[in-house]
Every structure is written in structure tokens, then in C-alpha cells.
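Below, each chain spelled out in residue letters.
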Amino acid sequence: MTTAEHVPNDMLRAVRIGLRLSQDDLARELRQAGAEAGEPNDASKRLVQRWETGISRSPRPVYARALEKVTGLPVEALGFRLPVPMARVREDSAGGHDMASGPDGVAPPTGSSPRPVAEEASQSAGAHYSGIWLSRYEFFSSGRGETFSATHHVVLVQHGARLTGHSLPGASSNPDSPLSLDLSVDGNVVTGTWVEQTAASGYYAGARYHGALQLLVEPTGRRMAGKWVGFGKDFDVNTGPWELVFKDLSMSKATMDRYSRPPE
């Protein structure tokens, strides 16, 4: 019996049929794609059935990447839930800024926020996020009356459910502004704290900022997006969008040297 929680994924079924694949065939193609990418998976007919019936609404990252390889489509075009919000910064007319969610700063309808399900809650066991990531956040400068973005190339190192991150030397859009992250992973939710030491020669004259951060991981495991919160110069609480985008699995010296530059 179909319930509100089990809405059939007709899009995935249509794509599969369009590729002239049975559920067994799709599972076999997914296993082959994973093996070729060096990311073995255990795709089965039963798993495909769970996706198509809507029992499982968010595939684990290893399956999401295999699905994209086999179908040639992004996972969000295959009828799966993509639990990553859109967000924009807006001035709050009090010297700081707040968040406005939605594509044009419009709050989403009540009840539209994503809710983790059982499979999402189990993803941290198999997910591994060590590597080089592009960090990008957005903030409103009350002194300049404009919205700015700051970017860093960050090395993330995972130990169990803990993620620690540090920006590479010279790898920030604002020179000499190192960023540190201390995060924990719980399913598709990443929560923790951030610290940034601004450049002594920059606009913020060496001020040290810190706050909290919460991100949601996309099904592919290659992007995290959410919000930061922190204090402004007048001790008002500000918030804004923050995302981490995967760049490279290697953390060799040569790779880190290549990313030790301001992001483009």
C-alpha cells in the first residue's frame, strides 16, 4: 500500500525503462560502474525496487555516483530527494544580516523542509569525506553595505564521525585569512564550528571570527550545503549560506601544492 512516505519514484523507473534495462540489469550496471570507479557497491534488484517504490528516497553517495555514471543524468534528475537548501543573505536593517531561504530569498512552504529517513541516517557508516574541498560562504558587510563571498581550499581529514579541516596556505580569496573547521558527521548532517583569522592588512584588520555551522550532504557525497551562524562586530548574531564542494581525493604534497592558491 502506498503511503505519504512511500511515493513511487516514477522518474527513475521511466529512465530505467528508457535505457531498456530490467531492475536486475540496472543493478548489474551499477555494480560494474562502481567497480570501474574503484568504489565497489552491492547494488541488487531489491535495492532498485526500494528506490522505485519510494521506500528508499535518498541513495548513499556510492550508489548516487554509480547512478549518475550509468544513466548519464544528475541524481537530482532521477526523482530522488536532494536535501540541500537554497539560501541567500539579506540585510536585517540592524547592522547585521539574516537568512532568506528559497531561490529568490523566499521562504519555502511550511512542511517542505527535508527530513532524514532511516537510510540517510545510516550513511555516515560508509561515507568518507577526507580530501581537498572548496569552501565558500556568503556574508553581508554592514560597513560597506554589500554582500560578499569568501572562498578557501580546505583539507578535510576524517576520523570516524569527526571531520577536521584547515585551509591550505595561500588558498583563500582574502590573502592570509586561514580557516579552521571542527565538524561531526551524523548521517547526512554535518555539524560543528568554524574559526577564521582575518588578514591584518585586510578590511577587518586581523579580527578573529568564529561560530557554528550545519550542513546537509548531497546524495553524491560531493557537496555539502547549509548555514553558518556567528557574531558581528556589534555582537549581533548573523547567519549566511555555506557550502563545501569536493575537489580532490588525493592529499599528496603535489596535489596540495596545486591547490595552495586562491580559488578561481
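Heads up: these notes are all about the structure in this document. (Residues numbered from 1 in each chain as written. Predicted model: local features only at pLDDT ≥ 70, side-chain atom pairs only at ≥ 80, totals over all residues. Heavy atoms only, no water.)

## Observations regarding the overall build of the chain
Here is step 1 of the chain: If you tally the helices and strands in the chain, you get six helices and 10 strands.
Here is step 2 of the chain: For the chain, the proportion of its 264 residues judged to be buried stands at 43%.
Here is step 3 of the chain: Taking the intrachain contacts of the chain between residues at least 6 apart in sequence as the baseline, contacts between residues at least 24 apart amount to 51%. (Helix = DSSP H or I, 4+ residues; strand = E, 2+ residues; numbered from the N terminus. Buried < 20%, exposed > 50% of the residue type's maximum accessible area, 1.4 Å probe, protein only. Contact = heavy atoms within 4.5 Å.)

## Section: unusual backbone geometry
Here is step 1 of the chain: Unlike most non-glycine residues, arginine 20 shows phi in positive territory, near 60°.
Here is step 2 of the chain: Tracing the chain through its elements places arginine 20 in the loop between α1 (10-18) and α2 (23-36).

## Points about the sheet that holds strand β6 (residues 179-186)
Here is step 1 of the chain: Read once around its circumference, the closed barrel built from eight strands follows the order β3-β4-β5-β6-β7-β8-β9-β10, with strand pairing classed as antiparallel. The sheet shows a mean angle of 30° between the axes of neighbouring strands, direction not considered.
Here is step 2 of the chain: Here strand β8 (residues 208-217) runs beside strand β9 (residues 223-231); their pairing, made up of seven bridges, is antiparallel. Across the sheet, glycine 211 pairs through a bridge with glycine 230, a residue of β9. (Pairing = 2+ DSSP bridges. Axes fitted to C-alpha atoms, helices over the stretch in contact; angles between N-to-C directions.)

## A few points about the pattern of salt bridges
Here is step 1 of the chain: Here the structure, examined in full by the defined rule, presents 11 salt bridges.
Here is step 2 of the chain: Notably, a salt bridge pairs aspartate 25 with arginine 28, separated by 2.6 Å at the nearest N-O pair. Here aspartate 25 and its partner arginine 28 are both found in helix α2, three residues apart, which amounts to about one turn of the helix.
Here is step 3 of the chain: For arginine 28, a relative accessible area of 43% corresponds to the partly exposed category.
Here is step 4 of the chain: In this structure, glutamate 39 and arginine 65 form a salt bridge, with 3.0 Å as the shortest nitrogen-oxygen distance. Of this pair, glutamate 39 sits in the loop between α2 and α3 (45-53) while arginine 65 sits in helix α4 (residues 61-71); the two residues are 26 residues apart in sequence, bridging distant segments of the chain.
Here is step 5 of the chain: Several salt bridges converge on common partners, so that one network encompasses Arg136, Glu218, Arg223 and Glu243. (Salt bridge = Lys/Arg side-chain N within 4 Å of Asp/Glu carboxyl O.)

## Regarding the environment of leucine 67
Here is step 1 of the chain: Inspection of the secondary structure assignment puts leucine 67 in helix α4.
Here is step 2 of the chain: Residue classification places leucine 67 among the buried positions, given a relative accessible area of 0%.
Here is step 3 of the chain: C-alpha separation for the pair leucine 67 and arginine 31, spaced 36 residues apart in sequence, amounts to 9.9 Å.
Here is step 4 of the chain: Aside from chain neighbours lying at most four places away, what touches leucine 67 is Leu12, Leu30, Trp51, Pro59, Gly72, Leu78 and Phe80.

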